[in-house]
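What follows is the residue order along each chain.
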Amino acid sequence: DAVKPVVVVNAAAWTTVDLAESEPEAAARANTFGPAELARLCARRDIPLIHISTDYVFAGDKGAAYVETDSISPRTVYGETKAEGEKRALAANPKTLILRTSWVYSAHGKNFVRTILNAGAKNPTLKVVGDQHGNPTSSDDLAQAILSVLAVMEQDGWKDEFAGVYHVCGTGETTWHGLAVAALEEATAYGQSMPSVTAIRTKDWPTPAKRPPVSSMDSTKLHRVFGVTMPAWKDSLRQVVKTLYEA
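How each quantity is defined
- Residues numbered from 1 in each chain as written.
- Predicted model: local features only at pLDDT ≥ 70, side-chain atom pairs only at ≥ 80, totals over all residues.
- Heavy atoms only, no water.
- Helix = DSSP H or I, 4+ residues; strand = E, 2+ residues; numbered from the N terminus.
- Rg over C-alpha atoms; globule rule 2.2 N^0.38 Å.
- Buried < 20%, exposed > 50% of the residue type's maximum accessible area, 1.4 Å probe, protein only.
- Contact = heavy atoms within 4.5 Å.
- Areas by Shrake-Rupley, 256 points an atom, 1.4 Å probe, with all protein chains shown as cover.
- Lys, Arg positive; Asp, Glu negative; His and termini not counted.
- Charge placed at Lys NZ, Arg CZ, Asp CG, Glu CD.
- Core = buried A, V, L, I, M, F, W, Y, C linked by side-chain atoms within 4.5 Å.
- Pairing = 2+ DSSP bridges.
- Right-handed = clockwise from strand over helix to strand, strands pointing away.
- Phe/Tyr/Trp six-rings, centres within 6.5 Å; stacked < 30°, edge-to-face > 60°.
- Lys NZ or Arg CZ within 6 Å of the ring centre and 35° of its normal.

1. Observations regarding the overall build of the protein
Alright, step 1. Summing up its helical and strand segments, the protein has 8 helices and 10 strands in all.
Alright, step 2. Scaling as 2.2 N^0.38, a compact globule of 247 residues should have a C-alpha radius of gyration of about 18 Å, and the protein matches this with 18 Å.
Alright, step 3. Taken over the C-alpha atoms alone, the protein extends approximately 55 × 40 × 35 Å along its principal axes.
Alright, step 4. Sorting the 247 residues of the protein into buried and exposed places 47% on the buried side.
Alright, step 5. Considering only contacts in the protein between residues 6 or more positions apart, those separated by 24 or more positions represent 83%.
Alright, step 6. For the protein, the computed accessible surface area is about 12100 Å², with 53% contributed by carbon and sulfur atoms.
Alright, step 7. Of the side-chain charges in the protein, 26 are positive and 28 negative, and the distance between the mean point of each set is 3 Å.

2. Section: the nonpolar core
Alright, step 1. Residues Val113, Ile116, Leu117, Leu179 and Leu237 are the most contacted members of the largest nonpolar core, which totals 21 residues.
Alright, step 2. Counting residues per element, the ones that place at least two in this core are helix H4 (112-122), strand S5 (125-129), helix H6 (176-187) and helix H8 (233-246).
Alright, step 3. Counting residues per element, this core draws most heavily on H6, at 8 residues.
Alright, step 4. Beyond its immediate stretch of four places on either side in the chain, Leu237 contacts Tyr105, Val113, Leu179, Ala182 and Ala183.

3. Some remarks on the pairing of strand S3 (residues 96-101)
It is a general feature of regular strands that their side chains alternate between the two faces of the sheet.
Alright, step 1. Along S3, 6 of the 6 residues are buried, which leaves the element largely enclosed by surrounding structure.
Alright, step 2. Of the two faces of S3, the one lined by Thr96, Ile98 and Arg100 and the one lined by Leu97, Leu99 and Thr101 are each fully buried.
Alright, step 3. In this sheet, S3 lies alongside strand S2 (residues 49-54) in parallel orientation, the contact comprising 6 bridges. Across the sheet, residue His51 finds its bridge partner in S3, namely Ile98.
Alright, step 4. For the crossover that starts at S2, traverses helix H3 (residues 77-92) and ends in the parallel S3, the hand is right-handed.

4. Some words on the packing of aromatic side chains
Alright, step 1. Under the defined criterion, the tally for this structure stands at 8 aromatic pairs.
Alright, step 2. Between Tyr56 and Tyr78, the aromatic rings sit 5.6 Å apart at their centres with planes inclined by 75°, giving edge-to-face as the arrangement. Highlighted residues: Tyr56 in the loop between S2 and H3 and Tyr78 in helix H3, separated in sequence by 22 residues.
Alright, step 3. Arranged with centres 5.8 Å apart and planes meeting at 85°, the rings of Trp158 and Phe162 form a pair that is edge-to-face.
Alright, step 4. The partly exposed category is assigned to Trp158, whose relative accessible area is 24%.
Alright, step 5. A relative accessible area of 1% means that Phe162 is categorised as buried.
Alright, step 6. Connected via pairs of aromatic rings, a cluster forms that spans Trp158, Phe162, Tyr166 and Phe226.
Alright, step 7. Lys221 extends its terminal NZ or CZ atom over the ring of Tyr166, reaching a point 4.4 Å from the ring centre.

So, to be careful, I would describe these as geometric facts and stop short of saying anything about function.
Set out below in structure tokens:
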């Protein structure tokens, strides 16, 4: 009411995947009921909602990159609450865009890339899961994609074809082990020594929430509708590591 926005972007979420298993009500408040309420408020003002979702809505057993028309089948409380949030937001506001992203990292905050670089600076050997596959996504790239979508919407005005689900993630697939090695190799350019990084299996690193084995997603629809092409994940990783060390 105070701001009178022309569009709302919801990047808020409960993202502690393992903790969600023991605190499902809290996860649902953030991931299901929050987006539904935002969508309702946006619908009342006849404005679009852009809601950020996740690859964890998929089971990870397709064996190939997921497209937006693939059936969802989450296997975690986090994934279930995000999937239900998508459903309720789309139902509450016909001007809703769901942007599913994955493996988000940044030069800021708590994320896998920063964690692995800190670990590599302190330990000569590391063990990282090597049998989970996905698309690493720089938060900078995700933000730029959202801004590009907004620019098209501002230029062309709202079109009903804009509504729906999109995949927005880094181009190219790797494993957590592959991402760790790539990040640590980039860090050697800034004087950090390269540790030995061993790939381990998911079953050797048990967690409360079961991760999808292959949650890669295809972002072709985003390009087709909005003309947005997501950068190659290795190129974006190089820039993030550079930002980290130059800071």
